[in-house]
Structures are given as structure tokens and as C-alpha cells.
Amino acid sequence: MPETLMAMLAELEKVFAAAMKDKKFKEEFNFYLKEYASRPTNLYYAGRLSGYLKTLRVYLKREDLLHTGAHKINNTLGQILVAKRMGKKRIIAETGAGQHGVATATAAALFGLKCDIYMGEEDIRRQALNVYRMKLMGSSVIPVKTGSKTLKDAMNEAIRDWVTNVADTFYIIGSVAGPHPYPLMVREFQAVIGREARRQFLKKENKLPDYLVACVGGGSNAMGLFHAFFNDKNVKMIGVEAAGKGLYSGKHSAPLAIGETGVLHGSKSSLLQTKDGQIRIAHSVAAGLDYPGVGPEHAYYKKIGRAQYESVTDAIAIGGLKLLSRTEGIIPALETAHAIGYLEKLAKKVKKKSSVILCLSGRGDKDMNEIKEFI
Amino acid sequence: MDNRIDKKFQQLKREKRKAFIPFITAGYPSLKATEKLVLALEQNGADIVEIGIPFSDPLADGPTIQDASFQSLKKGITLNQIFDCVLKVRKTSNIPIALMTYYNPVFHFGEKKFITKAKQCGVDGLIIPDLPPEEALPLRKYAKRQKIATIFFLSPTTTMERMKKIVKASTGFIYFVSIAGVTGARKTLPQALLSKVKKAKNMTSKPVCVGFGVSTSNHVKEIARVADGVIVGSAIIKEMKKSLHSKNMVNKVGRFVRTLSCGLKIK
């Protein structure tokens, strides 16, 4: 990270650590999660989907039922409370699919803070509905026309803004990526997903699940689900990345599958890069998975073997979207559909009937225009 | 350490002059042009030249250098080609050269390998805007062994405590970023700049050079009153853009640079 940000990052680390120990902070955060965002979210047994898959008993963790329709709000509510604690008057954010942008605009409106959101021009086109929502809530959406005009470029622009306006501006990063303490902070705010799911599953089944499955772009919903189960050694974790047009097509977003270690946006993790260390452009039908990197904690989980990382193509993800829509009447986001698409593969792999908690990270209304072409 | 950068600052001290340090992006508009430009910069008052390695995600750069990097990368420029370019320059010039690059290309190449190759080609210093000194311990060790300067940054937001650490870790010179912001020529420089530079100078006998936003000979003269050197990047690239593909580009840029550097010659 540039020197200009180092003092801010050091301060943020201290403020966050203090907030985590502060009972009042936790109470305030829980209040908004419950009263405003609608937590806890249900853990729903998907009977028809499980019947179709035969060997898997699938429970859906319904983050799609949260206010704004995705898990992103858990994080923006937490971070905006930190911003308030630091006395910041202005918020900036980057966004890919727009869900994090919407969740940030939502929090900014709720707390009356000025908000500017950077979004790649290409993503603005793909997710127009989300752009309208952000603007309606009073945020400005600033189109990013450099580079690939998607998420990584939006993040670059947000960082440039932050370097320039560091005194009065708080940067709300949407995933478990970026400079320390962001990967830690975002994980802590999303960890409510896994804590609830664990409690709920134990109550329903009196034991722990065999598998946890979640889609991985930056990795926030997956880390949110996985974290609470870290010490439950028999619970297997599977993160599903976007293989786009295929892992060897050059058009995908699967750094854990075939990337290499590198440093992007302040953290060392797996990256899609050229042999000269230039960052490659990621591709996926799901705008929210279009990040050529991944949160460093996922790279760590892979390294120590705590989680396995797979990937599915655009076509399989779309198949997953249709499958859930038709078997359960739930239309998932294209990002989430990657996790569902993987279930068919998993169903064939397992040796005995197994239980799965799948993180339903978001709803698919935002994707209806993109999907029209594929139905 | 005593590489070309150290020797240059020793010479400048004797002559009671300040350093003029221009920056250009390698491969913009072509590697041949870069080679010619470095020599033209030397002839027009440059004491040290910074050569920027283009990167796909230059988060500390404004639109001018972002564009230069993008154009250069579009042509397929590689690290090895840039090293070769430096080697070619070294055939006729002894001017101190510092490479400015983001961290990932160095990490990917291999820190030790990068330093060794840089030394072989005649590079004297390394500037990495997104690598803070506390993350650079192995790099600093290799660089010291190979007598390559590792130039770190101070910024207007750096605390006094942190300043001490950065000043200690830097060799060659210390890069003082004039503004909280990204690169890009500005009309005016911030008020408190000179007093902040003085504070940094009070902490160390190492040379402190100011960059980011410097675009006119007045800026250069003002900064030279307190700092040991002045760095100019975007303003030069902007000048290049005016006649980018013309035969005269290098000469025109040389003349522009002379108007900036001549302010430092009188003492």
C-alpha cells in the first residue's frame, strides 16, 4: 500500500481491535443486524433439491433474505459503525456486481453519510438495476473507465481516492481482500453467518454438517460461513470459484485453481497474473466473482488443507440457477449459482449420503437481464 | 554504500547544487524512445533518472502515468526488455538510474533475481511505491549486498515515529511525496510542504527529494530551497504527449526539461 495510507491503516487496526472488545459496539452492531437487516436468517432444508441430487441433504443458509438481498450488508453495517467511531464524514466503496455498492449506499443512507461508489463501466452496464438503487439512496456512482473497467479497476480508483482524501474519508471494502486489517475485519463482520448456521444445524440435526459449500469471488460469504467451523475437523469446506468459459480458455476467475502467489491491493494471496507479474483480467458471467485475486485467508485455508477449492463454468452456474429456481422456487444470484452448480458434481463424488450447508449469498433479481439470453 | 546515486549526491554537495530527477515510463512510446530520452535527459540537466516499469494496476498513479503505462503494456513490453534497455543506455552513459516499480512484478520475478539482474544491467536504485519498508526486509538485505539503493517514501500523513523508521531504512535518498494523492502535475503545491520537508531533513543527513505534482520551474526552485532534490514525472510525460510520434519529440522534451533543471544550476 502507498505510504500515504500507512498511518490510516495503523489507526484502523487499533480502532477495530478496540471495537471488537467493546460491548457497546457489539450491541449496536447486533441491533442493526437484527432490527434493520433482519437477522437471524433461516437455515432451510431444501427437500426437492436434495431429492433431485439423491446423495446430498442440502440446507440453504438464506442470506438472500437479508435486507438488500445479499450477505454484503453484514459487512457494511459493521464497517460504517467503525467509520462513525473514527468520526469520518465520507464513505467510498468499490463494487463489482453492485451488491456491495448497494449495501454501502444503504448503510450511508441509514447513517446520513456522504457516499461515492466506484464501479467499472462494464459492470454498470451489466448491473444497471443496482446502479439505480445506489443513486436512489443518495450515493454517487462513479464510472471507472480504465483497465478492464471491472472490479479490480474500481478498487484501484477507490484506493486512489482514498490516498487523496484519507483525512476525512473511510473506505468500505466489500470483501475479505485488500490491506490489513480489512480481510480480518470483513471476516469478523461476516462470521455471523457461520455462527448462526452452526447453531441452527445442531438444533435441527443434533450433529455437525458434512460439507460447507459457498461461492468464492473475493471470498467474503464463504469465509463468513467457514470461520465458525474452523475447529470442527470433520466438517469439510468447499469454496467454488468461477471457471468462466473454462479454466484453460483464458477467460475465468479462478486464482486458487490456477493462479500464482502475488501481491494485489495490499495483500499477498493467489492471483491471476502473466509471467511478468502483470495482473490478468478476470471473466465470469457473474460480475461479483470477477476479481483476479482472492482473500488471503482463503489462500491460507487452501495451503493448510482446511478447505478445498473447485470451480464451475458459466454454463454450469446457469444450470445451477435454473435448478434451484425450479426445485425450490428460489432464484439465486449468478454468483451463488456457482455453488449450486457444484452440488451436482459433489453429489456424484460422495461415498455416502451427506449433509451440506450451502451459503445462499444473494438473490438473483439483479441478474434477470443477463440471464434472459440464456433461458 | 557508494553506488552512482551516493556519488552523485556527494558531488552535488561539493558543488552546492540540488538534484534534478526526471521520471519516464519505460516503453512509452517505445523502448527506442526510452533509450534516447534517458540520454537527452542527461544532456539537459538530469542528475539521476527514474525509469518506471509499467504495471497493470498502478494505484499510486494519476491519469497521465496510468495512460503511459497502459500504452506501453499494450505494446507487450516485458521486464527483460526493460533490463536490456538499461544495459543499452549504460553503453554510453554513466548517469545514476533508479527503477520505479510496483511490488508484484518484483515479487513474481523473485526479489533476489530481480536485484541481481538490476545490478548486472547497471541499475543503481529501486523505488517501490506500494512496499513499505517493514515488508521489505529480505529485499533490503539483498539490495544492500548488491549495492543497490532502496528508496522509501515519506508522505504528509507519515507520523514522526514512522518517519524515523523510514529514514533509517532508506538508502540512496528519501522520496518525499508532496501531497496526499497520486502522481499528476498540479498547478500549486501545498502550503505546509516546505516545513514538512524541513522536519524530515532535521532527522537525517541522507538526501531528501520531493516528488508528485511538480510541474513548473517555479515549483522546482521553491522545493530546491529546502530539499536536496526535485523529482518530476507527469509533467514530462504530458510534454511528451504533445509531440509523441513526431521525429522531434526527444529534442522538444529535452528543451522542456532544461527549463525545469536550469533553476537548480544557479547557487
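Structure's up top.
Let me sum up the structure you'll find in this document.

Conventions we followed
Residues numbered from 1 in each chain as written. Chains lettered and ligands numbered in written order. Predicted model: local features only at pLDDT ≥ 70, side-chain atom pairs only at ≥ 80, totals over all residues. Heavy atoms only, no water. Helix = DSSP H or I, 4+ residues; strand = E, 2+ residues; numbered from the N terminus. Rg over C-alpha atoms; globule rule 2.2 N^0.38 Å. Contact = heavy atoms within 4.5 Å. Areas by Shrake-Rupley, 256 points an atom, 1.4 Å probe, with all protein chains shown as cover. Lys, Arg positive; Asp, Glu negative; His and termini not counted. Charge placed at Lys NZ, Arg CZ, Asp CG, Glu CD. Buried < 20%, exposed > 50% of the residue type's maximum accessible area, 1.4 Å probe, protein only. Pairing = 2+ DSSP bridges. Buried area = accessible area lost by both parts, 1.4 Å probe. Salt bridge = Lys/Arg side-chain N within 4 Å of Asp/Glu carboxyl O. Polar contact = N/O pair within 3.5 Å; in protein donor to acceptor, adjacent residues only side chain to side chain. Nonpolar A, V, L, I, M, F, W, Y, C, P; charged D, E, K, R; others polar. Axes fitted to C-alpha atoms, helices over the stretch in contact; angles between N-to-C directions. Phe/Tyr/Trp six-rings, centres within 6.5 Å; stacked < 30°, edge-to-face > 60°. Lys NZ or Arg CZ within 6 Å of the ring centre and 35° of its normal. 1 Å grid on protein atoms, 1.4 Å probe; cavity = no way out; pocket = protein on both sides within 12 Å on 5 of 7 lines; lining within 4 Å. Points joined across faces, edges and corners; volume = space filled by probe spheres on them.

### A closer look at the overall build of chain A
So, point 1. Helix and strand counts for chain A stand at 16 helices and 12 strands.
So, point 2. A compact globule built from 375 residues should have a C-alpha radius of gyration of about 21 Å, and chain A, at 19 Å, falls within 12% of that.
So, point 3. The long-range fraction of contacts in chain A, counting pairs at least 24 apart against all pairs at least 6 apart in sequence, stands at 74%.
So, point 4. As presented, chain A carries roughly 14,000 Å² of accessible surface, and 53% of it is formed by carbon and sulfur atoms.
So, point 5. Taking the average place of the 55 positive charges on the side chains of chain A and the average place of its 37 negative ones, the gap between the two points comes to 5 Å.

### Some points on the overall build of chain B
So, point 1. Counting secondary structure elements, chain B contains 12 helices and 9 strands.
So, point 2. Taken against the 2.2 N^0.38 rule, which gives 18 Å for 267 residues, the C-alpha radius of gyration of chain B at 17 Å falls within 12% of a compact globule.
So, point 3. Out of the 267 residues in chain B, the part that is buried amounts to 62%.
So, point 4. Contacts spanning at least 24 positions in sequence make up 73% of the contacts within chain B whose residues lie at least 6 apart.
So, point 5. Looking at chain B as shown, the accessible area adds up to about 11,200 Å², and 52% of this sits on carbon and sulfur atoms.

### Section: the pairing of strand 6 (residues 169–172) of chain A
Residue and element names in this part refer to chain A.
So, point 1. Neither face of strand 6 is open: one carries Thr169 and Tyr171, the other Phe170 and Ile172, and all of them are buried.
So, point 2. Of the pairings in the sheet, the one linking strand 3 (residues 90–95) to strand 6 comprises 4 bridges and is parallel in character. Bridge pairing links Ala93 to Ile172 in strand 6.

### Notes on the interface of chain B and chain A
So, point 1. Taken together, the contact between chain B and chain A spans 33 residues of the former and 31 residues of the latter.
So, point 2. Here chain B meets chain A over a buried area of about 2,500 Å², counting both sides, of which 54% is carbon and sulfur.
So, point 3. When the area that chain B buries against chain A is broken down by residue, the three leading residues are B:Asp57, B:Leu59 and B:His108, summing to 26%.
So, point 4. Along the contact surface separating chain B from chain A lie 2 salt bridges.
So, point 5. Across the pair B:Asp57 and A:Lys152 runs a salt bridge, and its minimum N-O distance is 3.1 Å.
So, point 6. Viewed at the interface, chain A and chain B are joined by 17 residue pairs in polar contact (both at pLDDT 80 or more).
So, point 7. Sorting the residues of the side of chain B that touches chain A by element identifies helix 3 (63–74), helix 5 (103–109), strand 6 (153–154) and helix 8 (160–169) of chain B as the ones contributing at least two each.
So, point 8. The biggest single contributor to the side of chain B that touches chain A is helix 5 of chain B, with 5 residues.
So, point 9. Along the lines of polarity and charge, the residues of the side of chain B that touches chain A split into 19 nonpolar, 9 polar and 5 charged.

### Topic: the sheet that holds strand 3 of chain A
Residue and element names in this part refer to chain A.
So, point 1. Spatially, 5-4-3-6 is the arrangement adopted by the 4 strands of the open sheet, whose pairing is parallel. The sheet terminates laterally at strand 5 (140–144) and strand 6, the two strands that pair on one side only. Each strand axis lies, on average, 25° off the axis of its neighbour in the sheet, ignoring direction.

### Observations regarding the pattern of salt bridges
So, point 1. Taken as a whole and judged by the stated rule, the model has 37 salt bridges over all chains.
So, point 2. Between A:Glu205 and A:Lys207 there is a salt bridge; the shortest N-O distance is 3.7 Å.
So, point 3. Judged by its relative accessible area of 16%, A:Glu205 falls in the buried class.
So, point 4. Its salt-bridge partner being B:Asp67, residue B:Lys241 comes within 2.9 Å of it at the nearest N-O pair. Separated by 174 residues along the polypeptide, B:Lys241 in helix 11 (residues 234–242) and B:Asp67 in helix 3 bring together distant segments of the chain.
So, point 5. Here B:Lys241 falls in the partly exposed class, since its relative accessible area comes to 34%.
So, point 6. Overall, the relative accessible area of 26% leaves B:Asp67 in the partly exposed class.

### Remarks on the packing of aromatic side chains
All names here are of chain A.
So, point 1. Under the definition given, this model contains 20 aromatic pairs over all chains.
So, point 2. Just above the ring of Phe230 sits the side chain of Lys233; from NZ or CZ to the centre is 5.2 Å.
So, point 3. The lysine or arginine in question, Lys236, covers the ring of Tyr211, its NZ or CZ lying 5.6 Å from the ring centre.

### With respect to the sheet that holds strand 8 (residues 236–244) of chain A
All names here are of chain A.
So, point 1. Read from one edge of the open sheet, 6 strands run 1-2-12-7-8-11, paired in mixed fashion. With one partner strand each, in any of the chains shown, strand 1 (43–45) and strand 11 (307–313) form the two edges of the open sheet. Sheet twist, expressed as the mean angle between neighbouring strand axes with direction ignored, is 30°.
So, point 2. Here 7 bridges tie strand 8 to strand 11, and the two strands are oriented parallel to one another. Looking at strand 11, one finds that Glu241 is bridged to Ser311.

### Details of the environment of A:Ile172
Residue and element names in this part refer to chain A.
So, point 1. Among the structural elements, Ile172 can be located in strand 6.
So, point 2. Measuring from C-alpha to C-alpha, the distance between Ile172 and His100 comes to 9.2 Å, with 72 residues separating the pair along the chain.
So, point 3. Among all residues touching Ile172, those that are not within four sequence positions of it are Thr76, Gln79, Ile80, Ile91, Ile92, Ala93, Glu94, His100 and Thr104.

### Concerning the environment of A:Lys207
Residue and element names in this part refer to chain A.
So, point 1. On the secondary structure map, Lys207 appears in the loop between helix 10 (192–205) and strand 7 (211–215).
So, point 2. Residue class for Lys207 comes out partly exposed when judged on its relative accessible area of 44%.
So, point 3. Excluding anything up to four places from it in sequence, Lys207 contacts Phe201 and Leu202.

### Describing the side chain of A:Ser253
So, point 1. Here A:Ser253 shows up in the loop between strand 8 and helix 12 (255–258).
So, point 2. The contact partners of A:Ser253, leaving out residues within four places of it in the chain, are A:Glu241, A:Ala242, A:Leu272, A:Ala282, A:His283, A:Ser284, A:Leu289, A:Asp290 and A:Tyr291.

### Quick look at the layout of surface pockets
So, point 1. A volume near 940 Å³ is recorded for the largest pocket.
So, point 2. Together, 38 residues line the largest pocket, and A:Met6, A:His180, A:Gly266, B:Pro132 and B:Glu135 are the ones closest to its centre.
So, point 3. When residues of the lining of the largest pocket are traced back to their parent elements, those giving at least two are helix 1 (3–21), helix 9 (182–190), strand 9 (260–264), strand 10 (267–271) and helix 13 (296–304) of chain A together with helix 8 of chain B.
So, point 4. Among the elements that line the lining of the largest pocket, the one with the most residues is helix 1 of chain A, at 7 residues.
So, point 5. Residues that form the lining of the largest pocket fall into these classes: 17 nonpolar, 7 polar and 14 charged.

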